[in-house]
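Structural characterization, general
Residues per chain are reported as follows:
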Amino acid sequence: MSAITAEQVAHLANLARIDLSPEEITNLTLDLGQIVDSVAKVQEVATSDVPATSHPMPLTNVFREDVVVPSLSVEQALSGAPARAGDKFRVPAILDEE
Amino acid sequence: MAKPELMDYDKALELFEPVLGFEVHVELNTKTKMFCGCANEFGSGANTNTCPTCLGLPGGLPQVNHKAIESSIRLGLALGCEIAEHSRFARKNYFYPDTAKNFQTSQYDDPICHDGSLTIELESGRLVTVEIERAHMEDDAGKLTHMGGSTGRIQGADYSLVDYNRGGVPLVEIVTQMIEGAEHDAPEIGRTYVAGIREIAKALGVSNARMEEGNVRCDANVSLRPRGSKVLGTRTETKNVNSLRSVERAVRYEIQRQAAVLHAGGTITQETRHWHEDTGITSAGRPKSDADDYRYFPEPDLVPMAPSREWVEELRLTLPEPPAARRKRLQADWGFANLEFQDVVNSDLMDAVEATVAAGASAQSARKWWTGEIARLANAAGVAADSLVQPAQLAALIALVEAGTLTDRLARQVLEGVIAGEGTPAEVVASRGLAVVSDDGALIAAIDEALSKQPDVLAKIRDGKLQAAGAVIGAVMKAMRGQADAARVRELVLERAGTAESGSVE
Ligand SMILES: [Zn+2]
């Protein structure tokens, strides 16, 4: 049985700024629980000599040279902005911090 | 905002032991951003240096800037760090409009540099070794401007404007271990440590290292432990303390504030605090909360880094002389007294003096000109002294003074000409006709004229009242429009008056 609780799902939803209904939270708790259980099965197979893997390809050191390439124009950059003021993005005031 | 109680600093130290920690962000001066080819420069208009990657738009794909890795490794090596054989980026997830991607690309459990140290020397001569836990790479956030409201601060703002030119610029964040045993020196340790980091970044050439432009930014952690207790106090993190003097003031302030709160039976809240440069106080920001659950995970769009040991050793060979060692060497070479040397260091003129000496000037002359007349002119013009004149030009000017071609007063006029772009010192001397009149014939003619106009003075001189010669010397200097060597004029005046002395003394 997975350790995922409805409270954890609600907490994650809050962190991710996703508005979930109580019904969605119930369903997601079940779904995420199953995913965690499946991963736990894999962990049973993996012994201590198998290192944790974050990237599937055995690839390292992919670098870009420090050379300037053209940026977007200001108009292009702002074309998807919900609101703008001059050449800047305009966003709602953030009130929870001094 | 009520002004909080502060405890007297000495009393606070009597009751509590301060424990410090610093996070210093160094902005790298690469040509491009950390993960995209947008220019790493400002001032060319808001949002002119953005692309899908640094704006977090769909389809953007980050690529690691090779030069930024190189700079980070060199900075780590200069701080005595180990360079990780295996390092990777991680996403730090949070929502704030200065970060368009909704996460900062940072490093979590595999920082590129770890376990270093920096030994700093305080004014008392006390040496303090600050242990460095890690130095990791991350990208900078955009710049927010809060509009409306009464103060322009966040509180009361109606809306905010965002410029993403700085978003994605490479940073190295250097994190210290806990610093214990700082005692009364805590504020000075903060200032000197940040100055040390800044100096190293500058010497390496990896950052412009100007604190006033935010190239080096400091977060200061302070907690107090009651004397006799082994338990650490709750710490506060004062954010974005952006001058050396402010680091010192902010640490001192937090010690005094926390001591007053604890002594009155209160508790310290673990929170970020904001430093106010104008009033010299910190104010409470956001307390630690759910929002600090950043859910770090390895960045899936970037493959890990494995800097080869050969590369690391190659980079180690490029490290300059450590700034502290260089200071000691130069002071000894130049033979400067502590105050003279401090004056040069504090005015940021060490490189200028060194280059002037290399161009042939004596160290004392170079120091006098840089920290004197040039600093004065720079101050009046509101620019950096070393931007006014090339060291080689100053060395040429000093040579003209030492050869007797120019008096100090004439040399100042020549300097003005050089700064005004009129050419080399020799060219300015020629075009302005400023050389000292060293032709005794011209001087003697002027002296004889002056003496004949002032027979009473002549009589006094002949009477042995040599100080009376001053009036004649003044008249001659005026006639020569200052372009004469006053000592030589005096000699000649006495000679013409018929009382030449041997071994004249001023
Ligand atoms: Zn970009």
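Identification of chain B as Aspartyl/glutamyl-tRNA(Asn/Gln) amidotransferase subunit B from Cryobacterium melibiosiphilum is taken from an unreviewed UniProt entry. Under the Sequence similarities (unreviewed entry) heading, UniProt states for chain B: "Belongs to the GatB/GatE family. GatB subfamily." Quoted verbatim from the Subunit (unreviewed entry) field of the UniProt record, the comment on chain B reads "Heterotrimer of A, B and C subunits."

An unreviewed UniProt entry annotates chain A as Aspartyl/glutamyl-tRNA(Asn/Gln) amidotransferase subunit C of Cryobacterium melibiosiphilum. Turning to chain A, the UniProt record has this under Sequence similarities (unreviewed entry): "Belongs to the GatC family." UniProt, in the comment section headed Subunit (unreviewed entry), describes chain A in these words: "Heterotrimer of A, B and C subunits."

On to the overall build of chain A, then. Helices and strands together make up the secondary structure of chain A, namely three helices and three strands. Along the chain direction, N to C, the helices and strands of chain A fall in the order α-α-β-α-β-β. For 98 residues, the compact-globule estimate of 2.2 N^0.38 gives 13 Å, and the C-alpha radius of gyration of chain A, at 22 Å, exceeds that figure by more than 25%. Seen through its principal axes, chain A has C-alpha atoms that stretch 55 × 45 × 25 Å.

Residue and element names in this part refer to chain B. For the zinc ion, the full set of protein donor atoms is Cys36 (SG), Cys38 (SG), Cys51 (SG) and Cys54 (SG), and the range of their distances to it is 2.3 to 2.4 Å. In this structure, the zinc ion is coordinated by four donor atoms arranged in tetrahedral fashion, with angles at the metal of 101 to 113 degrees. Site description for the zinc ion: donor spacing in sequence, C-x1-C-x12-C-x2-C. With respect to burial, cysteine 51 and cysteine 54 carry one shared label: buried.

A separate point is the environment of glutamate 271 of chain B. Residues and elements named next belong to chain B. As for its placement among the helices and strands, glutamate 271 is situated in strand β13 (residues 271-276). A relative accessible area of 10% means that glutamate 271 is categorised as buried. When near neighbours in sequence (up to four residues on either side) are disregarded, glutamate 271 contacts Arg235, Thr236, Glu237, Arg257, Ala284, Arg286, Pro287 and Lys288. At 2.6 Å, the side chain of glutamate 271 forms a polar contact with the side chain of arginine 273.

Size of an interface: often given as the accessible area lost when the parts come together. Taken together, the contact between chain B and chain A spans 57 residues of the former and 35 residues of the latter. Carbon and sulfur atoms make up 60% of the area that chain B and chain A hide from each other, which totals about 4,200 Å². Linking chain B with chain A are zero salt bridges, by the criterion used here. Counting the contacts that link chain B with chain A gives 21 residue pairs in polar contact (both at pLDDT 80 or more). When contributions to the side of chain B that touches chain A are tallied by element, the ones reaching two or more residues are β2 (64-65), α2 (66-78), β9 (159-163), β13 and β14 (281-287) of chain B. Of the pairings in the sheet, the one linking strand β1 (residues 63-64) of chain A to β2 of chain B comprises two bridges and is parallel in character. Among the inter-strand pairings, arginine 64 of chain A is bridged to a residue of β2 of chain B, identified as asparagine 65 of chain B.

All names here are of chain B. Here strand β4 (residues 90-93) shows two buried faces, one formed by Ala90 and Lys92 and the other by Arg91 and Asn93. Examined bridge by bridge, β4 and strand β5 (residues 103-106) share four bridges and lie antiparallel to one another. Residue asparagine 93 lies in a different strand from β5, and its bridge partner there is phenylalanine 103. In this sheet, strand β15 (residues 297-298) lies alongside β4 in antiparallel orientation, the contact comprising two bridges. Residue pairing across strands places alanine 90 opposite proline 298, the latter belonging to β15.

Moving on, we get to the pattern of salt bridges. Residue and element names in this part refer to chain B. Counted under the stated rule, the structure contains 39 salt bridges over all chains. The residue arginine 367 makes a salt bridge to glutamate 340 at a minimum N-O spacing of 3.5 Å. Separated by 27 residues along the polypeptide, arginine 367 in helix α9 (residues 363-381) and glutamate 340 in helix α7 (residues 338-346) bring together distant segments of the chain. Each of Glu321, Arg326, Arg329, Asp333, Asp351 and Glu354 takes part in a single network of salt bridges with overlapping partners.

In this description, an aromatic ring pair is defined by two values, namely the gap between the centres and the angle between the planes. Going through the model one piece at a time under the given rule, you end up with nine aromatic pairs over all chains. Both rings, one in phenylalanine 89 of chain A and one in tyrosine 164 of chain B, keep their centres 5.1 Å apart while their planes meet at 70 degrees; by these two values the pair is edge-to-face. Of this pair, phenylalanine 89 of chain A sits in strand β3 (residues 88-92) while tyrosine 164 of chain B sits in the loop between β9 and β10 (170-176), placing the two residues on different chains. Just as phenylalanine 89 of chain A is buried, tyrosine 164 of chain B falls in that class too.

Two strands in a sheet stick together by hydrogen bonds in their backbones, pointing the same way (parallel) or opposite ways (antiparallel). In spatial order, the strands read β2(A)-β3(A)-β9(B)-β8(B); together these four strands make up an open sheet with antiparallel pairing. Pairing within the sheet leaves two strands with one partner each, and these edge strands are β2 (84-85) of chain A together with β8 (143-147) of chain B. Relative to β9 of chain B, β3 of chain A runs antiparallel, the two sharing four bridges. Its bridge partner lying in β9 of chain B, phenylalanine 89 of chain A is registered against valine 162 of chain B.

Basis of the calculations
Residues numbered from 1 in each chain as written. Chains lettered and ligands numbered in written order. Predicted model: local features only at pLDDT ≥ 70, side-chain atom pairs only at ≥ 80, totals over all residues. Heavy atoms only, no water. UniProt positions renumbered as here; feature names shortened; annotations may be inferred. Helix = DSSP H or I, 4+ residues; strand = E, 2+ residues; numbered from the N terminus. Rg over C-alpha atoms; globule rule 2.2 N^0.38 Å. Donors = N, O, S within 2.8 Å, 3.2 Å for Na, K, Ca; no water. Tetrahedral: all angles 85-135°; square planar, octahedral: opposite > 155°, others 65-115°. Buried < 20%, exposed > 50% of the residue type's maximum accessible area, 1.4 Å probe, protein only. Contact = heavy atoms within 4.5 Å. Polar contact = N/O pair within 3.5 Å; in protein donor to acceptor, adjacent residues only side chain to side chain. Buried area = accessible area lost by both parts, 1.4 Å probe. Salt bridge = Lys/Arg side-chain N within 4 Å of Asp/Glu carboxyl O. Pairing = 2+ DSSP bridges. Phe/Tyr/Trp six-rings, centres within 6.5 Å; stacked < 30°, edge-to-face > 60°.

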